[in-house]
Amino acid sequence: MKRILGGLMVVLCAVAHAEDQLHVTANQDYTLPSGTQELMLKQLILDDGATLRVPAGMERLQISAEKARIGKQVKIIASGANGKAGADGKNQGGQAATCAEGAQGGDGQPGAAGADGAAITLLLSIEQLGSLQVDTRGGAGGNGGNGGSGQQAGAFDVCSAPDGGAGGAAGNGGRGGNGGDVRIYYNLLPSSGLSGSISQRIEVDAAAGNGAAPGQPGKGGEGSDGKYINMRTLSGNKKWKAGGDEGKEGASGQPGAAGSKGAVDILKGGFVAGAVTQTRPVPPKPDQSLDDLRRAVQSQSEQLEQMSTKMNQTMEALDVRIKQLEKQVKGLPDR
């Protein structure tokens, strides 16, 4: 993200950027520039009713803020787009030529998969928090296209009665997109007046996108009509000749599978306030204290030191053995 020179003010704009600041004013809707994957801010200000959107196609977004002021009913929207429906197959209209079978209907196209929701990581030192909704749902798959109808069979005379054209196959339904993972690591500034967990103030929807329904298979075309034909006899009697069969219905499509639900973590700590350059935070386990971490590190350090000592002893023993073998070799008579 390009920095805008300090002191530059944009009047009557929904989003006011200062150096290392992102501010979305009350009840305004702002979409981040395409390609934005990481924001390292001194201040993040989202006023009451503000909406911050992630551009379509973005896979992840991380926002680090030394000071975050979030009003009431604020939204961060990073859901995946719904997949487009598949095109319907072509209907074969009209009637085939005399004695010809009907043409097959076109196949329906599969529906497109729903897009995945973006993965959102927030590292915030919170000065104010009203309520926040984070939406990383996967997009729904697109419905499959319908198969086209088969063509009506042609008329017949002395030939065998032709059948109608088969219907086109139904398109498969598109797969649902995956919900994006949401990880929120926070510290509470003393000026916030908050304490304990903030989970009750944050609502996250990382649901999987629904798979879509397949299209309808195409209907078979009508067979040729039956009729009386003149017999080639002296009496010229007429005989009924049955018409052709109706074309087969197209193959059925398969429904799309649902996506996977995104993971959600809301944890206190996991980063140092002011260290907005941190890009890969390691969240602490909820039941692991700082003393536990220190003891684990100390234990690993002692184990490494013991292993180093043993390796040195082994190397020294090997060195002594090699020197003994060299003396034995020198003492052997020449052959």
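Parameters at a glance
Residues numbered from 1 in each chain as written. Predicted model: local features only at pLDDT ≥ 70, side-chain atom pairs only at ≥ 80, totals over all residues. Heavy atoms only, no water. Helix = DSSP H or I, 4+ residues; strand = E, 2+ residues; numbered from the N terminus. Buried < 20%, exposed > 50% of the residue type's maximum accessible area, 1.4 Å probe, protein only. Contact = heavy atoms within 4.5 Å. Areas by Shrake-Rupley, 256 points an atom, 1.4 Å probe, with all protein chains shown as cover. Core = buried A, V, L, I, M, F, W, Y, C linked by side-chain atoms within 4.5 Å. Pairing = 2+ DSSP bridges. Axes fitted to C-alpha atoms, helices over the stretch in contact; angles between N-to-C directions. Salt bridge = Lys/Arg side-chain N within 4 Å of Asp/Glu carboxyl O. pLDDT = per-residue confidence, 0-100.

## Notes on the overall build of the protein chain
- Helix and strand counts for the protein chain stand at one helix and 14 strands.
- Within the protein chain, buried positions represent 35% of all 335 residues.
- Considering only contacts within the protein chain whose residues lie at least 6 apart along the sequence, 77% involve residues at least 24 apart.
- Put simply, the protein chain shows about 20,000 Å² of open surface, and 49% of that area lies on carbon and sulfur atoms.

## Quick notes on the nonpolar core
- Grouped together as the largest cluster of nonpolar side chains are 34 residues, with contacts concentrated most on Leu22, Leu44, Leu52, Ile63, Leu122, Leu124 and Leu132.
- Looking at this core, the elements with two or more residues in it are strand S2 (21-24), strand S4 (38-46), strand S6 (60-70), strand S7 (74-77), strand S8 (119-129), strand S9 (132-135) and strand S10 (182-188).

## Here we look at the sheet that holds strand S3 (residues 29-31)
- Read from one edge of the open sheet, five strands run S3-S5-S7-S9-S11, paired in parallel fashion. Sheet topology places S3 and strand S11 (202-205) at the edges, where each strand pairs with a single neighbour. Taking each pair of neighbouring strands and ignoring which way they run, the sheet shows an average axis angle of 15°.
- Both strand S5 (residues 51-53) and S7 contribute to a ladder of three bridges, which runs parallel. The partner of Thr51 across the bridge, within S7, is Lys75.

## Observations regarding the pattern of salt bridges
- Enumeration over the complete set of coordinates arrives at six salt bridges.
- Between Glu127 and Lys67 there is a salt bridge, with the nearest N and O atoms lying 3.9 Å from each other. Of the two residues, Glu127 is situated in strand S8 and Lys67 in strand S6; the sequence distance between them amounts to 60 residues.
- Here Glu127 falls in the partly exposed class, since its relative accessible area comes to 22%.
- Beyond isolated ion pairs, a larger network of salt bridges with shared partners links Asp135, Arg137 and Asp205.

## Overview of the confidence of the model for the protein chain
- A residue-level look at the protein chain finds 81% of positions with pLDDT of 70 or above and a mean pLDDT of 83.
- This model gives residues 1-19 a pLDDT under 50, and the stretch forms 23 contacts once residues within four places in sequence are excluded.
- Between residues 273-289, whose pLDDT stays under 50, and residues either more than four places distant or in other chains, the model counts 36 contacts.

## A few points about the environment of Gly174
- Take Gly174: it is sitting in the loop between S9 and S10.
- Judged by its relative accessible area of 2%, Gly174 falls in the buried class.
- Sequence separation of Gly174 and Pro214 is 40 residues, and the distance between their C-alpha atoms is 8.0 Å.
- Excluding residues that lie within four positions of it along the chain, Gly174 makes contacts with Gly111, Ala112, Ala113, Gly141, Gly142, Gly211, Ala212 and Gly256.

## Considering unusual backbone geometry
- Although it is not a glycine, Asn27 adopts a positive phi angle of roughly 60°.
- In this structure, Asn27 sits in the loop between S2 and S3.
- Take Asn27: its relative accessible area is 61%, and that puts it in the exposed class.
- Within the chain, Gln73 stands out as a residue other than glycine whose phi angle is a positive 55°.
- Structurally, the position occupied by Gln73 is in the loop between S6 and S7.
- Judged by relative accessible area, Gln73 falls into the exposed class, the value being 62%.

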